[in-house]
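# Coordinates in review
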Protein chains: 2
Amino acid sequence: MNLMERLKEVLKQKDYKLTTQRKIIFDVFSEHGEKHLSPEEIYEIVKTSHPEIGLATVYRTLQIFDEIGMIKKMNFNDGCSRYELTDENESEHHSHLICTQCSKVIELEDEELESINEILEKEKKYNIKEYNIKFFGVCKDCTK
Amino acid sequence: MNLMERLKEVLKQKDYKLTTQRKIIFDVFSEHGEKHLSPEEIYEIVKTSHPEIGLATVYRTLQIFDEIGMIKKMNFNDGCSRYELTDENESEHHSHLICTQCSKVIELEDEELESINEILEKEKKYNIKEYNIKFFGVCKDCTK
DNA sequence: TTAATTGCAAATGGTTTGCAATATT
DNA sequence: AATATTGCAAACCATTTGCAATTAA
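For clarity, every value in this text was computed on a predicted model and none was experimentally measured.

### Focus on the side chain of Arg22 of chain B
Secondary-structure assignment places Arg22 of chain B in helix H2 (residues 20-31). Summary of buried charges: Arg22 of chain B has no salt-bridge partner, and the nearest side chain of opposite charge, Glu67 of chain B, is 8.9 Å away.

### Let's talk about the protein's contact with DNA strand C
For DNA strand C, the set of nearby residues contains 23 residues, the closest of which are Tyr59 of chain A together with Thr19, Arg22, Thr57 and Arg60 of chain B. Counting only the atoms of DNA strand C that lie within 4 Å of the protein, the sugar and phosphate share comes to 73%. The side chain of Arg60 of chain A places a nitrogen or oxygen atom 3.3 Å from a base oxygen of DNA strand C. Taking Lys17 of chain B, its main chain carries an N or O atom lying 3.2 Å from a phosphate oxygen of DNA strand C. Elements supplying a minimum of two residues to the surface near DNA strand C: helix H4 (55-67) of chain A together with H2 and helix H4 (55-67) of chain B. Residues that form the surface near DNA strand C fall into these classes: nine nonpolar, eight polar and six charged.

### Some thoughts on H4 of chain B
Residue and element names in this part refer to chain B. For H4, with 13 residues, the first-to-last C-alpha span of 18 Å sits near the 18 Å given by 1.5 Å per residue. Looking only at H4, the buried set comprises Val58, Thr61, Leu62, Ile64 and Phe65. Buried residues of H4, seen end-on, are gathered within an arc of 165 degrees and therefore sit on one face of the element. In H4, the exposed positions angled more than 90 degrees off the buried face are occupied by Arg60 and Gln63. Count one or two residues on from H4 and you reach Gly69, which has phi positive near 85 degrees.

### Overview of the pairing of strand S2 (residues 81-85) of chain A
Residues and elements named next belong to chain A. Counting buried positions over the five residues of S2 gives five, a clear majority of the element. On S2, burial covers both faces: Ser81, Tyr83 and Leu85 on one face and Arg82 and Glu84 on the other are all buried. Here strand S1 (residues 71-75) pairs with S2 via five bridges, running antiparallel. Counted as the bridge partner of Lys73 is Tyr83 from S2. Between S1 and the antiparallel strand that follows it, S2, lie five residues; Asn77 among them carries a positive phi value of about 55 degrees.

### What to know about the protein's contact with DNA strand D
Neighbouring DNA strand D are 23 residues; Thr19, Arg22, Thr57 and Arg60 of chain A together with Tyr59 of chain B lie closest to it. Considering DNA strand D, the proportion of its atoms within 4 Å of the protein that are sugar or phosphate atoms stands at 73%. Measuring from a phosphate oxygen of DNA strand D, one finds a side-chain N or O atom of Tyr59 of chain B at 2.4 Å. Taken together, the elements giving at least two residues each to the surface near DNA strand D come down to helix H2 (20-31) and H4 of chain A together with H4 of chain B. Counting residues per element, the surface near DNA strand D draws most heavily on H4 of chain B, at five residues. Per-class residue counts for the surface near DNA strand D are nine nonpolar, eight polar and six charged.

### Examining helix H3 (residues 39-49) of chain A
All names here are of chain A. Among all positions in H3, only Pro39, Ile42, Tyr43 and Val46 are buried. Buried positions in H3, seen along its axis, are confined to an arc of 100 degrees and lie on one side of it. Summarising the contacts, the buried residues of H3 are in contact with H2, H4 and S2.

### Comments concerning the layout of surface pockets
Considering only enclosed or pocket space, the second largest pocket measures out at about 490 Å³ in volume. In terms of lining residues, the second largest pocket is bounded by 20 residues, among which Lys72, Lys73 and Glu130 of chain A together with Asn77 and Phe136 of chain B are the most central. Elements with a minimum of two residues in the lining of the second largest pocket: S1 and strand S5 (128-137) of chain A together with strand S5 (128-137) of chain B. Residue contributions to the lining of the second largest pocket peak at five residues, all from S1 of chain A. When the residues that make up the lining of the second largest pocket are grouped by side-chain class, the tally is five nonpolar, seven polar and eight charged.

### So, the packing of H2 of chain B against helix H3 (residues 39-49) of chain B
Residues and elements named next belong to chain B. Across the interface, H2 lies against H3 with an axial gap of 10 Å and an inter-helix angle of 110 degrees. On the basis of the axis angle, H2 is roughly perpendicular to H3. The two elements H2 and H3 cross, and the hand of that crossing is right-handed. Counted together, Ile24, Ile25, Val28 and Phe29 of H2 and Ile42, Ile45 and Val46 of H3 form the full contact between these two elements. Broken down by class, the residue content of the contact of H2 with H3 amounts to seven nonpolar, no polar and no charged.

### Some details on unusual backbone geometry
Residues and elements named next belong to chain B. The phi dihedral of Asp15 is positive, around 60 degrees, even though this residue is not glycine. Here Asp15 lies in the loop between helix H1 (3-13) and H2. Overall, the relative accessible area of 72% leaves Asp15 in the exposed class. Although it is not a glycine, Asn77 adopts a positive phi angle of roughly 55 degrees. Checked against the element boundaries, Asn77 lands in the loop between strand S1 (71-75) and strand S2 (81-85).

Rules of the game
- Counting restarts for each chain: residues are numbered from 1 in the order of the written sequence.
- As a convention, the first chain written is A and the first ligand written is 1, with the rest following in written order.
- Local features are withheld for residues below a pLDDT of 70 in this predicted model, meaning they are given only at 70 or higher, and side-chain atom pairs are given and counted only at 80 or more; totals for whole chains, interfaces and linings count all residues.
- In computing side-chain properties, one takes all heavy atoms of the structure into account and sets aside hydrogens as well as water.
- Each helix is a run of DSSP H or I of at least 4 residues and each strand a run of E of at least 2, with the numbering of both proceeding from the N terminus.
- Each residue is assigned to one of three classes by its accessible area relative to the maximum for its type, calculated with a 1.4 Å probe on protein chains only: buried under 20%, partly exposed between the two thresholds, exposed over 50%.
- Note that His is not counted, nor are the chain ends; the positive residues are Lys and Arg, and the negative ones are Asp and Glu.
- Whenever Lys or Arg places a side-chain nitrogen within 4 Å of a carboxyl oxygen from Asp or Glu, that contact is recorded as a salt bridge.
- Near, as used in this document, describes a residue that has one of its heavy atoms within 4 Å of the molecule or strand being considered.
- Identification of polar contacts relies on pairs of N or O atoms within 3.5 Å, with a donor-acceptor requirement for protein atoms, meaning one able to donate a hydrogen and the other able to accept it, and with residues adjacent in sequence counted only if both atoms are side-chain atoms.
- Residues are grouped as follows: Ala, Val, Leu, Ile, Met, Phe, Trp, Tyr, Cys and Pro are nonpolar; Asp, Glu, Lys and Arg are charged; all remaining types, including Gly, are polar.
- Residue count minus one, scaled by 1.5 Å, sets the expected span of a helix.
- This arc is built from the directions going out from the helix axis to the C-beta atoms.
- For two strands to count as paired, DSSP must find a minimum of two bridges between them.
- By definition, residues are in contact when any of their heavy atoms lie within 4.5 Å.
- Points on a 1 Å grid, built from protein atoms alone, make a cavity when a 1.4 Å probe fits but cannot get out and make a pocket when they are open with protein on both sides within 12 Å along at least 5 of 7 lines; residues with an atom within 4 Å of a point are the lining residues.
- Grid points are joined across faces, edges and corners, and a volume is the space filled by probe spheres set on the points.
- All axes here are fitted lines through C-alpha atoms, helices being fitted over the stretch that makes contact, and every angle between N-to-C directions spans 0 to 180 degrees.
- Each angle gets one of four labels, with under 35 degrees taken as roughly parallel, over 145 as roughly antiparallel, 65 to 115 as roughly perpendicular, and the rest as oblique.
- Crossing chirality is assigned from the near helix's rotation relative to the far helix, an anticlockwise turn below a right angle marking it left-handed and a clockwise turn marking it right-handed.

These results come straight from atomic positions and should not be treated as a statement about function.
In C-alpha cells:
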C-alpha cells in the first residue's frame, strides 16, 4: 500500500476528511522524505503551487498527521518544531546526530542502532514504548 | 568545592559578574536539584522571597548559566524549556524517562546507561560530544 | 568610575483560535 | 443537507530586547 492510500485509510478510520489541502501537504512529505521540515518551510513549499493555503491550515494539518501517526513531531532546539514522515517499519524509534557547528541533522542508520535494543531490553521495567536519541557533535563535513 | 564557589569561579572566568540575582536564582537549583525547572517556575519560586526580580532577568540568567555550563537546557515538549543542574562528573550525558500518562520525568541511573557508552564507541566517527536520550513510556506509578 | 546588569514594558515569533465562508461525505 | 475544514486576522504565550536606572568590580 502506498503512502497516500495509507493516509486516506488512517484519516477515515479516525473520522477525518481527506481534503485537497491535506493531500497537498502530505505530498510535501513524500517529496521531501529525508528532511525534517518545519511548518514554515512546508508552508513556503506549498505556497509556490497553492498560494491560497493558509499557514494555520498547515499547523492544523501537521497536528492531525502527528496525532494519527503519519508524521512525527520533533524538536531540535532551533526555535520551531520539525516533522518527519513516520517509517512504517520502525516507527517509534528516532535517532539523530545534530552537528553543533552547521546544525545539520543526520539520521542514524539502522545498523548503527543495534545496541539501542539492548538498552530497551534492560529498561523493560519502565514499559518503554518509544525512544528519541540525539547525539550532539561535529559532522564529517565540519570536521574537515 | 561547593556549587556556589564553582559558579563564582566560572562566572569570573568568563567575565560575568556575580550579582545578587544570579546568586538567588542559582540557589533555586541547589534547593531543587532533582527537578527540571522552567523559567516561569523559577521566577515564581524566586518571587516569594525577592519580589523585585523580573522575569527577563531569570531568562537572561538561565541563558548565561547554560552558556557557562552550570545548568543544561532541555526540552520535554511541554511548551517551555526546562533546566537542570549540571552534574560535574558525567556532565554531558542526559537520559530521561518521560511518562506519557502523567508527564513525570525520571532521571535514569548511571548503571542503567552502561550500554550507551558502547554506542558512543561505535559512533566515534561522528565526533560525538554529547548525547540526549529520551525514553517515552509509562512509569511505575501509572502502570499500577 | 565605568561597563555590565537589572527591571520594566514593549516587541518578537512560533503557534493557536474564533468565525464566517467553503468543501467533504 | 449536515458537519468538518478552511482562510484570515486576531489572540496567545514563551522568550527576547531597548532603555534608563542601578550595581559590581
